2 protein chains.
Amino acid sequence: MDETRIHQSRKSQVVIVGAGFGGLSAAKDLAKAPFEITLIDRNNHHLFQPLLYQVATAGLSPADIASPIRHILSGQRNLKVMLGEVTGVDLGRKEVIADGRRVPYDYLVLGTGARHAYFGHDDWAAFAPGLKTLDDATALRRRILLAFERAETEDNADERARLLTFVVIGGGPTGVEVAGAIAELAKRALASDFRSIDPRCARIILVEAAPRVLAPFDQTLSDAARHSLEQLGVEVQLGAAVTHCSDDGVRLGDSFIPARTIIWAAGVMASPAGRWLGAETDRAGRVKVRADLSVPGHPEVFVIGDTAAVTDANGTILPGIAPVAKQQGQYVARALIARQDGRTVRAFRYRDYGILATIGRSRAVAQFGKLKVTGFLAWALWSIAHVYFLIGFRNRFVVALNWAWSYLTFERGSRLITGLDTLPRDKRQGSRTELQSKAS
Amino acid sequence: MDETRIHQSRKSQVVIVGAGFGGLSAAKDLAKAPFEITLIDRNNHHLFQPLLYQVATAGLSPADIASPIRHILSGQRNLKVMLGEVTGVDLGRKEVIADGRRVPYDYLVLGTGARHAYFGHDDWAAFAPGLKTLDDATALRRRILLAFERAETEDNADERARLLTFVVIGGGPTGVEVAGAIAELAKRALASDFRSIDPRCARIILVEAAPRVLAPFDQTLSDAARHSLEQLGVEVQLGAAVTHCSDDGVRLGDSFIPARTIIWAAGVMASPAGRWLGAETDRAGRVKVRADLSVPGHPEVFVIGDTAAVTDANGTILPGIAPVAKQQGQYVARALIARQDGRTVRAFRYRDYGILATIGRSRAVAQFGKLKVTGFLAWALWSIAHVYFLIGFRNRFVVALNWAWSYLTFERGSRLITGLDTLPRDKRQGSRTELQSKAS
């Protein structure tokens, strides 16, 4: 009888992999549920990815947009956090494999995100790094700042021009934000800090294969965004598909842009969760989940966020943005609680509250259903939304303060070149080799 | 005649190497002097070294204690900043060699600082990293935080204890500050964030070969500091000389402390400036300068800060602290201006305004001549002095805010493990190998 009681009182084990927006909201919404939860992430921090470009362009510090996962969830007694890298799932034994350990689960939630991808051109990674992690961001910051430093001491005019040319590939929200932020960095924050070069002469080129930027937005907003970018001094090249990236620059069909700094914002590939599960995925590696976000044939396994392919009422796949991941995390929490109670929940439905993208100081676009907003008002909405959704009061406050400060002064307080120590000596001074070899 | 005029109007070239406290104050005090100044540093930022231990222990972010050199000096039109690593000085041709370039000077000021040193035990560097740069600090932060993460998933009790033991070698101000800060991190900030371990059980051991900590202070203050450390839970071992460091721990003669995290705060060695100059140095590599801080036989070359051996009126060598470097930088600026005017200045004399060391929240010691202060008052003085001397208003304000915040909440906002991306995959999870190999 004792054994039965023990058996009955054993709580279901929920393993959540990934402490992004999806995994974290699932974890939080299970706070009072009768589960034993293990949240596994390969980093010790939750990252507020929408502001990552601000770290890459020296506007914010890493700690401003990242919070220790343990700290966010320290009050949640039914949950433990594990720092570890998941490498597979044993569906038969219901175990997650992380750092060689096996972590058993009754329910599994995978929110392992996406990584930038080069779709068959992985060799471009060394020349056109992307932006998905804090380490990506500080490496990109180093690269951008070193380009100005090298230009300052460069005697050859062609090479100087090449160093002062920044090509951003991809005209989605990330590409637009990065291009706008580099333009502001060069034309305002750095303007008077050099003697041999004028950073205001830097060329920032945004390249997009489609005929407009910000494809998810209405055409009028795409046009407004392009106009704002051009006002900031960004050259926007539309309908221009990249055919090659190298240390020297970017090839677009017949034309070539000489540039030492190239930033990849053109595409992402889902995490390998689909492979771990042996599940069907779409071209971007996203798992084709059922209407309740579970994996076909495995009702105990859920996939959410950037790793899941979920269609809306119109048959369009939901975009890889924070609100989608967050709502999916909340949904899975509800679904798990319902299942424990023997209830079922209806299919997941995304509630679209609108989309926002920022271009720069006082410049943004926003779309709420049929309502479209541009300019300062859109930017104010964007700032409030982003500060509001930042995890942790301290970060919100510090970010708000930093923004207010840079808004008033045009300063960028986080212009640090770090990580030079860990580079070989011959690569420290922003030599061509360093600019090449970042992706290591 | 034209040639004469050109010759006459050619301004003297001043090259300053190192933008630490010494180099920076020399540069600033020459702002209105008729020189053309080049300031060379291998980093793009001035670092407020006295607060580096706060970054290593997750209290502050790198950007809080570092400012871009260009930005600090952007208004100074007679100066240009060069990012570069100096590797030698050609005294005959009066040229500095930086990144293979030759930068000519009429006057040279070397303020190239010091680096931690192991005095014949360089193999200890891998196991007992020191703390001199921002990269040192973020690497140490990663190491400390990973030790707790590993302990959380470690099943073996001995290994868990070893992971939760932190040995700080050296009882000078840095060692005392680091030991106190780790104790506060473990016993307050992390206290409720783990499930399998209790961070409050972490052992923090401060090892000092001399019979007391904080040797430059009066005995009563050394005793007060030791008492404060012990109140914070730090074990202080005096008269204990380290005979070996390894991945497993620290050997002190016959006894052995098993520990996975060892921090070196026991000694520094001056930069190789003495070697570049072929000048006479003391045992710590400091150049024996003349009373006007110039190098014997080379009145046009000055050495300041941690790289110079300067004795005070009692024959004691001045310590490697910010006020000494700062006053020396100011002195050299005055001396150069005087020489241009054909005047001479009297020998350098250090004005000692007192010394301060902090142990932790509300705990510090201060000594102003015969006046000795301990406890909260000393800590308040220490906080005010450090915030006041931070470069740049924004940093001062952000640091003050962060301190106020952590004082009220015991939080540590910068608990980020970064740089995992750049480690090989098998080293990412804080495996023993990572803890070993940090010094790379």
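Conventions and cut-offs
- Residues numbered from 1 in each chain as written.
- Chains lettered and ligands numbered in written order.
- Predicted model: local features only at pLDDT ≥ 70, side-chain atom pairs only at ≥ 80, totals over all residues.
- Helix = DSSP H or I, 4+ residues; strand = E, 2+ residues; numbered from the N terminus.
- Axes fitted to C-alpha atoms, helices over the stretch in contact; angles between N-to-C directions.
- Left-handed = near helix turned anticlockwise from the far one by under 90°.
- Contact = placed C-beta atoms within 7 Å.
- Nonpolar A, V, L, I, M, F, W, Y, C, P; charged D, E, K, R; others polar.
- Least-squares fit on C-alpha atoms with pLDDT ≥ 70 in both.
- Domains from an automatic or database assignment.
- Buried ≥ 20, exposed ≤ 12 C-beta atoms within 10 Å, placed from the backbone.
- Pairing = 2+ DSSP bridges.
- Core = buried A, V, L, I, M, F, W, Y, C linked by C-beta atoms within 7 Å.
- Expected span 1.5 Å × (residues − 1).

1. Let's talk about unusual backbone geometry
At step 1: With phi around 65°, A:Ser362 is a residue other than glycine that occupies positive phi space.
At step 2: With respect to the secondary-structure elements, A:Ser362 resides in the loop between β23 (355–360) and β24 (363–368).

2. Considerations on the packing of helix α2 (residues 21–29) of chain A against helix α10 (residues 322–340) of chain A
All names here are of chain A.
At step 1: For the pair α2 and α10, interaxial distance at closest approach is 7 Å and the crossing angle is 30°. Where α2 crosses over α10, the two elements pack in a sense that is right-handed. The residues of α10 that touch α2, namely those facing Phe-21, Gly-22, Gly-23, Leu-24, Ser-25, Ala-26 and Asp-29, are Ala-322, Ala-325, Lys-326, Gln-328, Gly-329, Gln-330, Val-332 and Ala-333.
At step 2: Looking at the contact of α2 with α10 residue by residue, the classes come out as seven nonpolar, six polar and two charged.

3. With respect to the relation of the copies chain A and chain B
At step 1: Of the transformation placing chain A onto chain B, the axial shift is 0.0 Å and the rotation is 180°, giving an RMSD of 0.0 Å. Both chain copies can therefore be described as sitting about a two-fold axis.

4. Considerations on the domain arrangement of chain A
At step 1: With domains assigned, chain A is organised as domain 1 (2–42 + 84–116 + 268–340) and domain 2 (122–266 + 356–437).
At step 2: On a C-alpha basis, the centroid separation for the pair domain 1 of chain A and domain 2 of chain A is 33 Å.

5. Let's talk about the environment of A:Gly315
Residues and elements named next belong to chain A.
At step 1: Here Gly-315 is to be found in the loop between β22 (308–309) and α10.
At step 2: With 6 C-beta atoms packed within 10 Å, Gly-315 lands in the exposed category.
At step 3: Measuring from C-alpha to C-alpha, the distance between Gly-315 and Arg-339 comes to 27 Å, with 24 residues separating the pair along the chain.

6. A closer look at the sheet that holds strand β16 (residues 255–258) of chain A
All names here are of chain A.
At step 1: Read across the open sheet, the three strands follow the order β14-β15-β16; overall the sheet is antiparallel. In this open sheet, the two edge strands, each paired with only one partner strand, are β14 (244–245) and β16.
At step 2: Where strand β15 (residues 249–252) lies against β16, four bridges are found, and the strand directions are antiparallel. Opposite Arg-251, over in β16, you have Phe-256 as the bridge partner.

7. Describing the nonpolar core
At step 1: Core analysis: the biggest nonpolar cluster contains 285 residues, and A:Ile169 and B:Ile169 have the highest contact counts within it.
At step 2: Setting aside chain neighbours within four positions, we find A:Ile169 in contact with A:Ala128, A:Gly175, A:Val207, A:Val242, A:Val250, A:Ile262, A:Ile263, A:Trp264, A:Ala265 and A:Ala266.

8. As for helix α8 (residues 219–231) of chain A
All names here are of chain A.
At step 1: The first and last C-alpha atoms of α8 sit 18 Å apart over 13 residues, in line with the 18 Å expected at 1.5 Å per residue.
At step 2: Taken residue by residue, α8 has Leu-221, Ser-222, Ala-224, Ala-225, Arg-226, Ser-228 and Leu-229 as its buried positions.
At step 3: Looking at the packing, one finds that the buried side of α8 touches α7 (173–189), β12 (203–207), β13 (234–237), β23, β24 and β25 (371–374).
At step 4: Just past α8, the residue Gly-233 takes up positive phi, approximately 100°.

9. Re the interface of chain A and chain B
At step 1: Facing 44 residues of chain A, the contacting portion of chain B comprises 44 residues.
At step 2: For the side of chain A that touches chain B, the secondary-structure elements that each account for two or more residues are β4 (66–68), α4 (69–72), β5 (79–83), α5 (134–153) and α12 (393–409) of chain A.
At step 3: Counting residues per element, the side of chain A that touches chain B draws most heavily on α5(A), which supplies five residues.
At step 4: Tallied by class, residues from the side of chain A that touches chain B come to 13 nonpolar, 17 polar and 14 charged.

10. Some remarks on the sheet that holds strand β9 (residues 107–110) of chain B
Residue and element names in this part refer to chain B.
At step 1: Sheet architecture is open: six strands sit in the order β5-β2-β1-β9-β21-β20, paired in mixed fashion. Every other strand in the sheet has two partners, leaving β5 (79–83) and β20 (294–295) as the edge strands with one partner each.
At step 2: Looking at chain direction, strand β2 (residues 35–41) and β5 are connected through five bridges and run parallel. Directly across from Leu-39, in β5, lies its bridge partner Val-81.

11. Regarding α5(A)
At step 1: A rise of 1.5 Å per residue sets the reference length of α5(A), with its 20 residues, at 28 Å; its end C-alpha atoms lie 29 Å apart and thus fit the reference within 8%.
At step 2: Most of α5(A) is tucked away: 18 of the 20 residues are buried.

12. With respect to the pairing of strand β8 (residues 101–104) of chain B
Residue and element names in this part refer to chain B.
At step 1: Pairing between strand β7 (residues 95–98) and β8: four bridges, direction antiparallel. Looking at β8, one finds that Val-96 is bridged to Val-103.
At step 2: Once β7 ends, the chain turns through two residues before running back antiparallel as β8, passing Asp-99 with a positive phi of about 55°.

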